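Given next are the chains, with one letter for each unit.
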Amino acid sequence: MGTGSKSSHQSYAVSPTALAEVPAAPLDITSAPTAGEGTDLMGAAAGASGEAFEKPELPEPVVEPAPPAEPPVDEDPLGELDALVGTEAEPEPVAASAPSEEEAHEAAADGELQSSGEEPSAEGAVLLQPEDIEEVEKEETDPPLTPVPTAPPVGEPTGTPILVGGDDFINSEATLVAYDSPDGPREVLLTHISEEAEEKLLDALSIPGTHMEEIQVEEEVKERLDLDKEKKLAELTKTAVSSVQHKLKTGSEMSDASIAKHQAAVEAVSAVLKDPSISDDEKAMAQHYMDQLDVVKDKIDNGGAVMPWMDAYEVTATKMVTKQIPVPDGDPEPGTLAATVRKASRIKANLDPATGQTSWDGVTRSSANGTEYEIDMGDGWKAVYRPYKDNDPSSTEFSLRGQLEVHAPSGAGHGKDLVDRLEQLHLMNKPMTAAEGEWTYLANNIQAQGLEGSAGMKTAMETAQGLQDLQVQEIVHQRMESLMGLDSDALQTAMKRIHLEASHKVLPMKVQVVRDAVAKASGFASGAELAASPGYEPTPSTGGKWLTWSRFDVTGNKAEIQSAFKGRSLSHNLNGGDLASLLGTGVLASTEKRAVMGIGGGLGMSEQADKMTGGANSVFLRVKKTPSSPGGGRLIWDDPSMLMQRSDYYAYNGDHYGAINPAHHNYNAGAITRDPMKIAKFSGSSNEIMFRNGIDLLGAEAPSRIVCHTAAERSSILASLTARGITQLGGKPVEDVLCTKADY
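Residues numbered from 1 in each chain as written. Predicted model: local features only at pLDDT ≥ 70, side-chain atom pairs only at ≥ 80, totals over all residues. Heavy atoms only, no water.

1. Some remarks on the overall build of the protein
In plain terms, the rule: Helix and strand assignments follow DSSP, with helices taken as H or I runs no shorter than four residues and strands as E runs no shorter than two, numbered in order from the N terminus. The buried label applies to any residue whose accessible area, calculated with a 1.4 Å probe on protein chains only, is under 20% of its type's maximum; exposed applies above 50%, and partly exposed to all values in between. In this analysis, two residues are considered to be in contact whenever any of their non-hydrogen atoms come within 4.5 Å of each other. Computed with a 1.4 Å probe, the accessible areas rest on the Shrake-Rupley method; for each residue, only the protein chains presented here act as cover.
Check the secondary structure of the protein and you find 23 helices and 24 strands. The buried share of the protein, reckoned over its 744 residues, is 48%. In the protein, the proportion of contacts linking residues at least 24 apart, taken out of those at least 6 apart, comes to 79%. Accessible area of the protein: about 34400 Å², with a carbon and sulfur share of 50%.

Listed below in C-alpha cells is the structure:
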C-alpha cells in the first residue's frame, strides 16, 4: 500500500547532547592530486599510472636457471609484513635491446608481452609527512560528538544514540539499549554495518563450512614430463606456433624472426629424439612437438589457414596431493570467533503501554526470513549478525541485511565496553570526534546531492584511501621491532588493529581532500569557502533519539525550498492507529525500529512487503496540496523544509513500497529521487518520501498540525503532554499544534 498507509510508532524523551564546535579546515595538502573525472563514490586505493615498458623478445630462447629457494615464512617476517601492509617489490630491470616495431606488434597480438613495472604518476602519489602524522595525532584530544554512557537508561525504548568513528556503519550510527528484565538490565548495541565493511567482520569469524583443513589424498593428475620442463620443449614449440600464427591471421609475410623461432624449436626437439637413452613416454612427447613443428614448417613455406590450438604433451599419473576441505564443526581458527549459522531472527521485546518501558528476557526472539550468525565473543558476550552475502535480495528480507547486535552479560554498566568490543569484530570502536563527523557529513551529502560522478570526486576518494594506506605503513615502520617478534597469527591480529588505528588517525586529513572536491562539485571555490558557508553543518542533529545529518544545499537555501513547496505539505496518515500511543512514545518509527522497541507488528499496511523492499528501515510521508479540512489521525508538516534538510531521505512519485532492493520488482532506479525541488512537484496521488529510522514528533522535527479525531482525544493527549512537561512542539504552543477535524 502507499505512504499514507504506513504507520510507525515510537518515542523517547530527549536530552540534547552538547555539540562540539565545527572543526577548522585542516591545512591544505599540497601534494594532493589534481581533480579529475570520476563516477565511483568510494573509489579504490590510488593506483600507479604512467608509461608501461615492454619486455623485448630475444631472437633465441634461453633456459633460465631455477630461482633460489624462498625462505620459510617464519624466517622472513619482513616479507610477511610487506604482504600484510600491501607493499610491492620493485621490478627487476630488464637488460636487453628494444624489440623491432614488427616484433612488438606481433607479440602484443598474441599476448606474449606483458606490461609491468609501472611507475606511479605525480597525480597518483600521496605523501604523508611526519608533521602530518603529528597533526593527526592531535585529533585524538577531540571530544566525542556523542559521549558513550556507562549505563544506558533502563527501559528506554529508543535507547541512547551514539556515533562511532570511521565509516564501517551506515551513517556512523549505533544505539545502546538497556532492556529491563528479571535478571537485571540487558544491554545491547544495535547498529547497521555498511556492505563494504562486511569482509572485515567475516574475517573475524570462524563460520561452519568455511574453516578449511589440509588433507593428503591420492588423485589422478595430468602433468608434463620432467624432461619437457627441463628442455622447455612446450614453450619453444608454442613460441614458434604463436609467431607464425600471427602472420597467418594478418596475412603478413613470414619474418626472419618467425623462421628463427621455428628453427630453435626444431633443434631442441630433434636433440631429444636423437638421444638413445630416452624412455618411450619421452620419445612420444618429443614426437608430439615435432609433429606440431612440421605443421608450422608447412605454414611458413605455403601459408594458408590458421592452425589449431597447440596443447602441451601430458601424461596421467597417480599422486598424493594436498587439498583443503571445509570442516563443518572444526575448532575456531586462532584469533577468530566461533560463529553458528541459523535462521534469521529479531529481538522480541515488549513495550509496556502504561509505563512506556521496554523489556526483554535476553532470549525470546521472533523469526525472520533470512540467515544470521550467532557469534561467541567470550566471557558471556555474544553478537548476532545478518550478513549481506548469505541473504539473497531476491528471496530474503532486504531490510535486515547488515544488522548487527552486540550483547553484554546481564547487568548494568557495559555501555563503553559494548563499543570497545566492536574491535573483536574488526570494526571501528571509538566514539566519533567532530573532525570525524565531518567525513560522514560529506559522504551523506555526496549521496544526497548526487555528487558521486562529479569531476574530481573519484580522484579525491582515491587520494583519501592512499592517505590511509600510507598511515598503515607509517605505523608498521614505527612498531617494526615488536611486530617482528610475533608469530603469524598474532601478526595478523596486530595488523588488523593497525588498520583500524590508521583509519581513525588519518580521517581528518581525508576530510580535507574530500571537502575540497565536494566544494568544487557544488559550486564553491574551495573547501574553506564551503566550510564557512551558512548552510554547512558538519555535526548531526541530536534533538531526537536518532541522530540525523543535514544537507547544505537545503540548509543554505531554506527560502528557496519553502518557495518550491508553497501551498504543499508533508503528511502521514495513521489509518486508524492510536494517536495517543504514538505521541506517548514521541516518535514516528520505522518497522525495523518498532521491532526492537517492543512495539508489536500490524501497525503498518504493508510491513512484510516493506521488509522485502528495504522500506522497513524508513517511515513514509506523502507530499500533498496543503489540506484545508484534514481528517483525523493525521500528522501534517506545513513547512516541509524542516524535514527536507535531512540527508537520509529518498522518494518516488508513486507507490513503490519504499523499494531500495535492486532485486525487487517494485524497485526503479530511474524513478528514485533525493532532489527536494523534484519532490516538491510530485503529482502522483500515491507518492512516498522515506526517512530513515524515524521522525522525532516532540522536538525540532515536530509536525505543525496534529489532527485528532475528536475533542475528547485532543483533551486527553493535551493533558498527557502537559503532565510530562511538554508545552511546545516545534517552537509552537502545544494547544496550537493539537487540533481536530471539526476545527476546519
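2. Notes on unusual backbone geometry
What you tend to see is this: most non-glycine residues have negative phi, and most peptide bonds are trans. In the Ramachandran plot, Lys232 falls in the positive-phi region, its phi being about 55 degrees despite a non-glycine side chain. Along the chain, the position of Lys232 falls in the loop between α5 (226–231) and α6 (233–250). Located in the positive-phi region is His426, a residue other than glycine, with phi close to 65 degrees. Note on placement: His426 falls in the loop between α9 (415–420) and α10 (434–448).

3. Some thoughts on the environment of Ser277
Formally: Think of a polar contact as two N or O atoms within 3.5 Å of one another; within protein, one of them needs to be a possible hydrogen donor and the other a possible acceptor, and neighboring residues in sequence only count if both atoms come from side chains.
In this fold, Ser277 is placed in the loop between α7 (256–273) and α8 (280–302). Among the polar contacts made by the side chain of Ser277, one reaches the side chain of Asp275 at a distance of 2.7 Å.

4. A word on the sheet that holds strand β8 (residues 337–347)
The criterion, for reference: Strand pairing is assigned whenever DSSP detects at least two bridges linking the two strands.
Pairing is mixed across the open sheet formed by eight strands, whose spatial order is β2-β3-β4-β13-β12-β11-β8-β5. Looking at strand neighbours, the two that pair on one side only are β2 (160–163) and β5 (205–206), the edges of this open sheet. Taken together, the seven bridges between strand β3 (residues 169–179) and strand β4 (residues 186–193) define a ladder with antiparallel strand orientation. Directly across from Ala174, in β4, lies its bridge partner Thr191.

5. With respect to the packing of aromatic side chains
Our working definition: In this analysis, rings of Phe, Tyr and Trp, with Trp reduced to its six-membered ring, are considered paired at centre separations within 6.5 Å, and the interplanar angle assigns stacked below 30 degrees, edge-to-face beyond 60, and tilted for intermediate values. Remark: a charge is flagged as sitting over a ring if the NZ atom of Lys or the CZ atom of Arg is within 6 Å of the ring centre and within 35 degrees of the ring normal.
Throughout the structure, instances matching the rule amount to five aromatic pairs. Each ring, one from Tyr441 and one from Tyr536, has its centre 5.0 Å from the other, and the planes form 90 degrees; the classification is edge-to-face. Taken together, the positions of Tyr441 in helix α10 and Tyr536 in the loop between α14 (527–532) and α15 (552–555) put the pair 95 residues apart, joining distant regions of the chain. For the pair Tyr441 and Tyr536, a shared accessibility class is recorded, and that class is buried. The interplanar angle of 45 degrees and the centroid separation of 6.2 Å between the aromatic rings of Tyr536 and Phe552 together place this pair among those described as tilted. Of the two residues, Tyr536 is situated in the loop between α14 and α15 and Phe552 in helix α15; the sequence distance between them amounts to 16 residues. Seen from the ring of Trp439, Lys510 lies directly overhead, with NZ or CZ sitting 4.7 Å from the centre.

6. Side note on the pairing of strand β13 (residues 403–407)
Among the five residues in β13, five count as buried, and that is most of the element. Side chains Gln403, Glu405 and His407 project from β13 onto one buried face, and the interleaved Leu404 and Val406 project onto a second face that is buried too. The sheet contact formed by strand β12 (residues 381–385) and β13 spans four bridges and is antiparallel. Looking at the pairing, Tyr385 lines up with Leu404 of β13.

7. A look at the sheet that holds strand β17 (residues 634–637)
Two strands in a sheet stick together by hydrogen bonds in their backbones, pointing the same way (parallel) or opposite ways (antiparallel). Spelled out, the test is: To get an axis, fit a line to the C-alpha atoms, keeping to the stretch in contact for a helix; angles then go from 0 to 180 degrees between the N-to-C directions.
Pairing in this open sheet of seven strands is mixed, and the strands run β18-β19-β16-β14-β17-β21-β24 from one edge to the other. The two strands at the open ends of the sheet, each matched to only one other strand, are β18 (649–652) and β24 (738–740). Ignoring strand direction, the axes of neighbouring strands in this sheet form an average angle of 30 degrees. The sheet contact formed by strand β14 (residues 568–573) and strand β16 (residues 618–625) spans four bridges and is antiparallel. Paired with Ser571 across the strands is Arg622, a residue of β16. Where helix α22 (residues 711–723) meets the sheet, it contacts β21 (705–708) and β24, and its direction lies at approximately 170 degrees from that of β24.

8. Details of the side chain of Thr740
Mapped onto the fold, Thr740 is located in strand β24. Residue classification places Thr740 among the buried residues on the basis of a relative accessible area of 6%. Sequence-distant contacts of Thr740, defined by excluding residues within four places in its chain, comprise Val707, Cys708, Thr710, Ala711 and Arg714.

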